[in-house]
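Chain by chain, the residues run as shown.
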Amino acid sequence: MANIRENMKNGKVVSYRFIVCLERDRRGKQIRRYTTWTPPNGLTPAKERKAAERAADAWELEMREEFQKQKEAEAKGRAYAVPPEKRRDSFTDFINDTWFPLHVRGGECKPTTIAFYQHIAKVITDYFQDAVLQEISPLDIQRYLTFLRAEYKTKQGKHLSPKSLRHQYGTLTSIFGYAEKHDLLVKNPMRRVDAPKKVKKPIDALTQEEAKKLFQLLPHCPLDFHCILHLLITTGMRRGECMGLKWGDVDEANGTIQVSRNITYTPESGIIISTPKTANSIRTIPLMNSTLQLLQELKKQTQKAHPNTILQEAFLFPHTDDIFSPRDPNAITRRVKRFMKNNGLPDLSPHDLRHSCATLLLSQGADIKSVQEILGHADASTTLNFYVKADLQQMKAATEKYAAAFNL
């Protein structure tokens, strides 16, 4: 017999939730169907409850007949697809048992991307709980986005940023798009939900004066940390790319360094060695003479500590216990932030030093294409839109050049 639950609003029953268990699968998990039934107006509470019981019985019979047809077809080796208009799939089960394992885990997503979707999916399933995939309307999704914007708070007690809200919208688009692709929906509700507005956040980067101060402080740091900070701000590497460097990537003769690895960390998988973010991120970057000299000094120090080791496959910035194992990039973020705070510099992360590199290169006359290649962007618009920050002095210099050209 179907389980009947009352959905209340302002102390009144507005609808009924029907849930039926058809049987258990091989893992012992219940195969369930759900639906929501809204009673007609004008019924007394007792008559309304009776009407709900009759509707639940009729719906349960329909679900069991449909499920039996499916089992009989599968027993004969034939595919059987329940028409979308008759399907009543648990939204939570669809996310956890279909979309996530097949589309996310079963795709080409990296561990960090899997962890990212896992976190977002948890927020979605907590909100929608027993919702039926086929019954979620555009208004339901709009209410969810409004809830995220106005009420939801992270573990740190903060409201979601506009960027995080767009990530939620993008994940919902992926979930419903996957359901639509596999004929589980009559209509995709996301087609009628507007995306949250994109808010461009100002990029944090060091000014020239702040960069001068940082360079003056670096010689007082331990050599390995000196090299890390120097690489981050002069090559624009991502922190994971920097932690992925091996001594074989350093070409001392040509003064270049090859970026071909990225180190990430997730609680589920631990430290992971993978490829960089995109194909364009695999690149060769020219090194300043000062950077190369620092790396040569670090290499001598490492070789002295491991005299019988060939360093070619060893990491530049390894784990403390093993030079052939990489360091956790999160530890570098914490160390960089402590350094900035202790020295009266802006509260910047390793990625902000990447922004700083782009800004400082362009302020010294580097062309956009060269900066794009150094940072490993697929196209120059990313470099211009997200990583370039013009300060007031640069703008003044530009207007002065304009005035001088026309004697204004």
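Provided above is the structure to which this section pertains.
My aim in this report is to walk through the structure given alongside it, one point at a time.

Rules of the game
- Residues numbered from 1 in each chain as written.
- Predicted model: local features only at pLDDT ≥ 70, side-chain atom pairs only at ≥ 80, totals over all residues.
- Heavy atoms only, no water.
- Pairing = 2+ DSSP bridges.
- Helix = DSSP H or I, 4+ residues; strand = E, 2+ residues; numbered from the N terminus.
- Expected span 1.5 Å × (residues − 1).
- Buried < 20%, exposed > 50% of the residue type's maximum accessible area, 1.4 Å probe, protein only.
- Contact = heavy atoms within 4.5 Å.
- Axes fitted to C-alpha atoms, helices over the stretch in contact; angles between N-to-C directions.
- Parallel < 35°, antiparallel > 145°, perpendicular 65-115°, else oblique.
- Nonpolar A, V, L, I, M, F, W, Y, C, P; charged D, E, K, R; others polar.
- Disulfide = S-S within 2.5 Å.

It is worth spelling out the sheet that holds strand 8 (residues 283-286) at this point. Picture the strands of a sheet paired through backbone hydrogen bonds; they go either parallel or antiparallel. Strands sit in the order 4-5-8 across an open sheet of three strands; the sheet is antiparallel. The sheet is open, and its two borders are formed by strand 4 (250-251) and strand 8, each paired with just one other strand. Alignment of strand 4 against strand 5 (residues 256-259), held across two bridges, turns out to be antiparallel. Pairing of V250 across the sheet is with I257, part of strand 5.

Moving on, we come to helix 1 (residues 45-75). With 31 residues, helix 1 extends 44 Å between its outermost C-alpha atoms, agreeing within 8% with the 45 Å of an ideal straight helix rising 1.5 Å per residue. Those residues of helix 1 that sit buried are E48, A51, A52, A55, A56, W59, E60, M63, E66, F67, Q70 and A73. On its buried face, helix 1 is in contact with strand 1 (3-9), strand 2 (12-24) and strand 3 (30-37). G77 lies just past helix 1 and shows a positive phi near 80°.

Next up on the list: the packing of helix 2 (residues 91-105) against helix 3 (residues 111-128). Interhelical geometry of helix 2 versus helix 3 gives an angle of 170° and a closest axis separation of 10 Å. Viewed along their axes, helix 2 and helix 3 adopt a mutual orientation that is roughly antiparallel. Residues F91, T92, I95, N96, W99, F100, V104 and R105 of helix 2 lie in contact with helix 3, whose contacting residues are I114, Y117, Q118, A121, I124, T125 and F128. In the contact of helix 2 with helix 3, the residues fall into ten nonpolar, four polar and one charged.

By the definition in use, this model includes zero disulfides. Between C227, a cysteine without a disulfide, and C242, which holds the nearest cysteine sulfur, the sulfur-to-sulfur distance is 9.2 Å.

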